[in-house]
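A look at the structure
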Number of protein chains: 2
Amino acid sequence: MKTADPELMRAINRFHVMDAIRRFGPIARVEISDRTELSATTVSAITGALLDDGLIITHQLGGIRDAARGRPRVLLDLNPDAAHVVGARLAPDHITIATTNFRADIRSSITLPVRVGRHGVSVVADLVEDGIRRSVADAGLELSQISGVCIGLPGVVERGAGICRASPLFGERDIPLAAELTRRLDGVAATLDSDVNLVTLAEHWFGQARGLDDFLVVSVEMGLGLGIMHKGELFRGANGLGPDLGDLLVKPPNGAGLVRLAEVASEESMLADARRALAASEHEQAFRLGRGMEKLLERAEAGDAAIVALLRAAGEALGFAIANLIVLFAPPKVILAGAALAAGEALVRPLRDTVSALLPPSLADVADIVVHEWGDEDWARGAAAMTLRDLYGAPWGTTGPAPHL
Amino acid sequence: MKTADPELMRAINRFHVMDAIRRFGPIARVEISDRTELSATTVSAITGALLDDGLIITHQLGGIRDAARGRPRVLLDLNPDAAHVVGARLAPDHITIATTNFRADIRSSITLPVRVGRHGVSVVADLVEDGIRRSVADAGLELSQISGVCIGLPGVVERGAGICRASPLFGERDIPLAAELTRRLDGVAATLDSDVNLVTLAEHWFGQARGLDDFLVVSVEMGLGLGIMHKGELFRGANGLGPDLGDLLVKPPNGAGLVRLAEVASEESMLADARRALAASEHEQAFRLGRGMEKLLERAEAGDAAIVALLRAAGEALGFAIANLIVLFAPPKVILAGAALAAGEALVRPLRDTVSALLPPSLADVADIVVHEWGDEDWARGAAAMTLRDLYGAPWGTTGPAPHL
DNA sequence: CACTTAAATAAATGATGCGGATTAAATCTG
DNA sequence: CAGATTTAATCCGCATCATTTATTTAAGTG
């Protein structure tokens, strides 16, 4: 915890006001005052400063003025053009980059179909750099107008240090990707985060967890990720590292031993198993990363027993892991996200069944398990949101820099 | 997050100063200034107020004045007599109650050999009330001089509400024990917490985790508990509920299915298994809760294969759970506590072996697993510490009341 | 034109922390 | 032994910030 001085006090209240404006759309000062429990004077002062700084704009007369007699409220909203940020997401078979404005509205986005794992780090950095420059240009902006860049990728990421400790995308470890990109982008601040953290923040801001301060996100992609929102803050492990759900150990349904969850329930392992199951058949070519999961679903719906069993095994393993996570965190909501969920009920139903079979009665009803499918842009938007969160100036997180406008 | 006002600012800095004094013993103002990064003036003002309030005392001239030329520092320390609190711990076969001063030094303690589970809640409340009154009297104090009481017990406890949601000690659920005791104790504020949270705080304050801001505590007692310290704060689940490690699901070594960890590795289950293994033998009587674990150890050392296997199974199940916890939290230290650890290496070695066998290489060395045996008094001291922590006035936790001196 | 609500503005208050100057209490030095 | 030096702690003045209370301006309704 930081030591308190007037500056911190101002930062905290400023953040509260910004957060209220972000969350409750166009909103009048009085309502900010009500919601934040700050005095009207303080809100007036802070909003005044924010208006001077150009971070917010007045949005005269929302329209519906029912039962209003006195002076009409003037609504405040984030100034979409106050800043622009770029979010990028590295997935196994593509890279998505989006440029957003200050409200996380996407202004331009671009998806590069690249098999990331096939290339070295420097090639990927090249691609990302070019993609960012392109996306920024597409949005009609200069790179110098970009306030920050956030890159999301699967694996274990130490955000504070900007280092990717380990990722299924790269053979290398401890890659200082943030520094590398900051250098390439003429000093525009680049940060790194685990992709699941991005989607967790995105759920909190735009998704199914709006207003929820405690929930879990389990992403089932090439790797398996876990995002933890606790008391409205993203929970990061001891060193700012996120947990890698793929390293969780589960009992495989066939009985013997223990395996890493990633070996049963990741997209990669499911497709590998599927290839094995259908070796030399006509479908082999289709089970590549990418649209492979849809192919799996097709076969499952067609009644292919091997595929159904495979998906059930994955679902049960995930269910086991999620049941244990519910025991540990008692979250009101668990959100499943990721391309692998495209496999649909064949995966999700065994998952749900396993969770409800395993949970003790006392926890049976605490967690609502929902599936949320995200488009590529949404992940990139999450990355942008992560940068915006810093820009809004949350004073308590370990997040560092203030906005440089 | 609360909105910031000068009062919060003062509370934060005051807490920092108090915490520095608590942690670094007799300490001079300059050193507080160094450690907290508060200005000397601020420290002076705050310590002045604390002196006026009688919360701290000057401890003139520590003794060793090496290489000192200028004005000697006057050392400050917590005023042991500034307040007194009572900590109590409910265990399956005894209740321990301790009265401590403001520095968590135990002034009197008492242990009642009671089979708690045999009695109803109201009987237990009677016993606790009487024990507290007795302990307070033994310490030469009046009940009115007690600033707070904290009761620790195994199970799922909702601290904020003062309700025990579920406990292996009681058949009932949702017991509003805190309110009940506050009533009985003439209004002295009683709080409730999970016993493992108490021992976690105690480790942080007095134990093996001094100075560590991230660690886990796994308590192996009648039930299984998990305490999580994250960034210097106790991590509580979504509703302020602590997790119940016993509900974690593990694969039993014999292979089939999944069982709750509590069914393999709790003291209760181990003793039950032992009884079964040695049914009708001369030792049956000894395997009762209480000193039963020592008896187990004896047999294990004597080479009793059934007992050794049983302890190994428990150790492996715990190891599995702990490996997964390390994956999730990456804590630098995991502390094992609890009476069941008296079983010694026969339990702990398989545990360690399992953890190192299961952890992925990247996490192999992050967590140091240590065993810490606690006396009854230490648990009660942890309960007292929990109350003191409130008294010191941590402004951010959901802890409520300020000290009423 | 009176009334109502929203918002800004102003002044007074009180709390805080900070920096620089000052006092306090020792040791060192000649 | 007296003054210089050093370090600790405090005092004084200053700036910041939020709060309260009033007052004013704005923009509507009836």
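Up top is the structure.
Let us look at the structure shown here. (Residues numbered from 1 in each chain as written. Chains lettered and ligands numbered in written order. Predicted model: local features only at pLDDT ≥ 70, side-chain atom pairs only at ≥ 80, totals over all residues. Heavy atoms only, no water.)

Brief notes about the protein's contact with DNA strand D
The condition that has to hold: Throughout this document, a residue counts as near a molecule or strand when at least one of its heavy atoms sits within 4 Å of that molecule or strand. Throughout this description, a polar contact denotes any pair of N or O atoms lying within 3.5 Å of each other; where both atoms belong to protein, one of them has to be capable of donating a hydrogen while the other can accept it, and for residues adjacent in sequence the pair is counted only when both atoms sit in side chains. In the scheme used here, Gly and all other residues not listed as nonpolar or charged are polar, with Ala, Val, Leu, Ile, Met, Phe, Trp, Tyr, Cys and Pro taken as nonpolar and Asp, Glu, Lys and Arg as charged.
Lining the immediate environment of DNA strand D, one finds 22 residues, of which Thr42(A), Ser44(B), Arg69(B), Arg71(B) and Arg73(B) sit closest. Considering the 4 Å shell around the protein, atoms of DNA strand D inside it are sugar or phosphate in 68% of instances. At 3.1 Å from a phosphate oxygen of DNA strand D is found a side-chain nitrogen or oxygen belonging to Ser39(A). Of the residues assigned to the surface near DNA strand D, the class counts are 7 nonpolar, 8 polar and 7 charged.

Examining the interface of chain B and chain A
As a reminder of what qualifies: Residue contacts are counted whenever heavy atoms from the two residues lie within 4.5 Å of one another. By convention, the term buried area covers the 1.4 Å-probe accessible surface removed from two parts as they join, with the contributions of both added. One side-chain nitrogen of Lys or Arg within 4 Å of one carboxyl oxygen of Asp or Glu is enough to make a salt bridge. Under the DSSP-based scheme used, a helix requires at least four consecutive residues in state H or I and a strand at least two consecutive residues in state E, with every element numbered from the N terminus.
Counting residues at the interface gives 48 residues for chain B and 47 residues for chain A. Both faces considered, chain B and chain A share a buried interface measuring about 4,000 Å² in area, 72% of it formed by carbon and sulfur atoms. Counting across the chain B and chain A interface gives 0 salt bridges. Between chain B and chain A we count 6 residue pairs in polar contact (both at pLDDT 80 or more) in total. Broken down by secondary-structure element, the contributors of at least two residues to the side of chain B that touches chain A are α1 (6-23), β12 (224-230), β14 (249-250) and α10 (305-329) of chain B. Per-element tally for the side of chain B that touches chain A: the top contributor is α10(B), with 7 residues.

Some words on helix α6 (residues 195-205) of chain A
Note the cut-off: Residue exposure (1.4 Å probe, protein chains only): buried if accessible area is under 20% of the type maximum, exposed if over 50%, otherwise partly exposed.
Among the 11 residues of α6(A), 11 are classified as buried, and the element is accordingly described as predominantly covered. Those residues of α6(A) not exposed but buried are Asp195(A), Val196(A), Asn197(A), Leu198(A), Val199(A), Thr200(A), Leu201(A), Ala202(A), Glu203(A), His204(A) and Trp205(A).

Overview of the protein's contact with DNA strand C
Inspection of the region around DNA strand C gives 25 residues, with Ser44(A), Arg71(A), Arg10(B), Asn13(B) and Arg69(B) positioned closest. Of what DNA strand C places within 4 Å of the protein, 73% of the atoms are sugar or phosphate. One of the side-chain nitrogen or oxygen atoms of Arg29(A) is found 2.6 Å away from a phosphate oxygen of DNA strand C. Contact between DNA strand C and Thr41(B): a base oxygen at 3.1 Å from a side-chain N or O atom of the residue. Elements with a contribution of two residues or more to the surface near DNA strand C: α2 (29-36) of chain A together with α1 and α3 (40-53) of chain B. In terms of residue count, the dominant contributor to the surface near DNA strand C is α1(B) (4 residues). In the surface near DNA strand C, the residues fall into 11 nonpolar, 7 polar and 7 charged.

Here we look at the sheet that holds strand β16 (residues 333-337) of chain B
Test applied: DSSP bridges decide pairing: two strands pair if at least two such bridges lie between them.
Pairing in this open sheet of 5 strands is mixed, and the strands run β13-β12-β11-β16-β17 (chain B) from one edge to the other. Looking at which strands have only one partner, the edges of the open sheet turn out to be β13 (233-234) and β17 (368-372) of chain B.

Notes on the packing of aromatic side chains
In plain terms, the rule: Ring pairs shown here join Phe, Tyr and Trp side chains whose ring centres sit within 6.5 Å, with only the six-membered ring taken for Trp; geometry is labelled stacked below 30 degrees between planes, edge-to-face above 60, and tilted in between.
For the structure on display, the rule yields 11 aromatic pairs over all chains. Summarising the aromatic geometry, the rings of Phe320(A) and Phe320(B) are spaced 6.3 Å apart at their centres and angled 35° between planes, so their arrangement reads as tilted. One end of the pair, Phe320(A), is in helix α10 (residues 305-329); the other, Phe320(B), is in helix α10, on a second chain. Geometrically, the ring pair formed by Trp205(B) and Phe206(B) is edge-to-face, given 6.0 Å between the ring centres and 85° between the ring planes.

Some details on the pattern of salt bridges
Going through the model one piece at a time under the given rule, you end up with 54 salt bridges over all chains. Measuring nitrogen to oxygen at the nearest pair gives 3.5 Å for the salt bridge that ties Arg103(A) to Asp77(A). In this pair, Arg103(A) is assigned in the loop between β5 (95-100) and β6 (106-112) and Asp77(A) in strand β3 (residues 75-78), connecting sequence segments 26 residues apart. Of the residues examined, Asp77(A) reaches a relative accessible area of 7% and is grouped as buried. Residue Asp390(B) is joined to Arg389(B) by a salt bridge in which the shortest nitrogen-to-oxygen separation is 3.6 Å. Look at the salt bridges and you will find they share partners, linking Asp126(A), Glu129(A), Arg133(A), Glu180(A), Arg183(A), Arg184(A) and Asp186(A) into a network.

Things to note about the sheet that holds strand β7 (residues 146-153) of chain B
Residue and element names in this part refer to chain B. So the rule is basically this: For helices, the fitted line uses only the C-alpha atoms of the stretch in contact; every axis is such a line through C-alpha atoms, and the angle between N-to-C directions lies from 0 to 180 degrees.
A sheet is described by the order of its strands in space; here 5 strands give the open sequence β6-β5-β4-β7-β10, paired in mixed fashion. At either end of the open sheet lies a strand with only one pairing partner, and these are β6 (106-112) and β10 (190-194). The average angle at which neighbouring strand axes cross in this sheet is 15°, direction not considered. Contacts from helix α6 (residues 195-205) reach β4 (84-90), β7 and β10, with the element oriented near 90° to β10. The strands touched by helix α12 (residues 376-392) within the sheet are β4, β5 (95-100), β6, β7 and β10, with β4 carrying the most contacts at an inclination of about 135°.

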